Amino acid sequence: GLKMAESGKGRGGNPGSGKGLSPEQVVSRFNRLRQDQRGLASKAAELELELNEHSLVIETLREVDPTRKCFRMVGGVLVERTVKEVLPAL
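Conventions used here
- Residues numbered from 1 in each chain as written.
- Predicted model: local features only at pLDDT ≥ 70, side-chain atom pairs only at ≥ 80, totals over all residues.
- Heavy atoms only, no water.
- Helix = DSSP H or I, 4+ residues; strand = E, 2+ residues; numbered from the N terminus.
- Buried < 20%, exposed > 50% of the residue type's maximum accessible area, 1.4 Å probe, protein only.
- Contact = heavy atoms within 4.5 Å.
- UniProt positions renumbered as here; feature names shortened; annotations may be inferred.
- Pairing = 2+ DSSP bridges.
- Salt bridge = Lys/Arg side-chain N within 4 Å of Asp/Glu carboxyl O.
- Patch = residues over 30% accessible without salt bridge, like charges linked within 9 Å, V, L, I, M, F, W, Y side chains within 5 Å.
- Areas by Shrake-Rupley, 256 points an atom, 1.4 Å probe, with all protein chains shown as cover.
- Core = buried A, V, L, I, M, F, W, Y, C linked by side-chain atoms within 4.5 Å.
- pLDDT = per-residue confidence, 0-100.
- Polar contact = N/O pair within 3.5 Å; in protein donor to acceptor, adjacent residues only side chain to side chain.

**Observations regarding the overall build of the protein**
Link 1 in the chain: Assigned secondary structure in the protein consists of 3 helices and 2 strands.
Link 2 in the chain: From first element to last, N terminus to C terminus, the protein shows the α and β order α-α-β-β-α.
Link 3 in the chain: Among the 90 residues that make up the protein, the fraction classed as buried is 9%.
Link 4 in the chain: A fraction of 20% describes how many contacts in the protein between residues 6 or more apart in sequence connect residues 24 or more apart.

Shown next, in the form of structure tokens:
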């Protein structure tokens, strides 16, 4: 059993292992990781913007009459709600 596990290790192409990689493979993996990092940084910035927008709306709605009519985009459809219904969802 132990021998099979060891021989199976090398075939899997473990990304954490830098053994036996050509310079082109190293560059390719580095570029893929850099692209992933940029994508994650972009998503983090997008989420931060959304958080700021939500915070601004929450602050504004706290000062408003809870029974006041407001509109909210849900799945691409604009729906009519009241402030008291929308505030908990934000």
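Read on for the rest.
**A word on the UniProt feature "coiled-coil region" (unreviewed entry) in the protein**
Link 1 in the chain: The residues that UniProt annotates with the feature "coiled-coil region" (unreviewed entry) are residues 30-64.
Link 2 in the chain: Secondary structure within residues 30-64 divides into 94% helix and 0% strand; the distance between the first and last C-alpha atoms comes to 51 Å.

**Comments concerning the pairing of strand 2 (residues 77-82)**
Link 1 in the chain: Looking at chain direction, strand 1 (residues 69-74) and strand 2 are connected through 6 bridges and run antiparallel. If you follow valine 74 over to strand 2, its bridge partner there is valine 77.
Link 2 in the chain: Taken together, strand 1 and the strand that follows it, strand 2, pair antiparallel across an intervening segment of 2 residues, in which glycine 75 is found at a positive phi of about 60°.

**Concerning the pattern of salt bridges**
Link 1 in the chain: The final tally for this structure, using the stated rule, is 2 salt bridges.
Link 2 in the chain: Measuring nitrogen to oxygen at the nearest pair gives 3.6 Å for the salt bridge that ties lysine 43 to glutamate 46. Placement of both lysine 43 and glutamate 46 in helix 2 (residues 23-62) is noted, with a separation of 3 residues, approximately one turn of the helix.
Link 3 in the chain: You can call lysine 43 partly exposed: its relative accessible area is 42%.

**Remarks on a nonpolar patch on the surface**
Link 1 in the chain: A cluster of nonpolar side chains, contributed by Phe71, Met73 and Leu78, occupies part of the molecular surface with about 360 Å² of accessible area.
Link 2 in the chain: Topologically, leucine 78 is positioned in strand 2.
Link 3 in the chain: The class of leucine 78 is exposed, set by a relative accessible area of 57%.

**So, the nonpolar core**
Link 1 in the chain: With 5 residues, the main nonpolar core is built from Leu61, Val64, Cys70, Val83 and Val86.
Link 2 in the chain: Ignoring any residue separated from it by four or fewer positions in sequence, one finds leucine 61 in contact with Val83, Val86, Leu87 and Leu90.

**So, the confidence of the model for the protein**
Link 1 in the chain: This prediction gives the protein a mean pLDDT of 84; 80% of its residues lie at or above 70.
Link 2 in the chain: When the criterion is pLDDT under 50, residues 1-12 qualifies, and its contacts beyond four places in sequence or with other chains add up to 0 contacts.

**Re the environment of threonine 67**
Link 1 in the chain: Along the polypeptide, threonine 67 turns up in the loop between helix 2 and strand 1.
Link 2 in the chain: We classify threonine 67 as exposed; its relative accessible area is 52%.
Link 3 in the chain: Taking the C-alpha atoms as reference, threonine 67 lies 5.6 Å from threonine 82; in sequence the two are 15 residues apart.
Link 4 in the chain: Dropping the residues within four chain positions of it, threonine 67 is found in contact with Thr82 and Lys84.
Link 5 in the chain: Engagement of the side chain of threonine 67 in a polar contact is seen with the side chain of aspartate 65, the distance being 2.9 Å.

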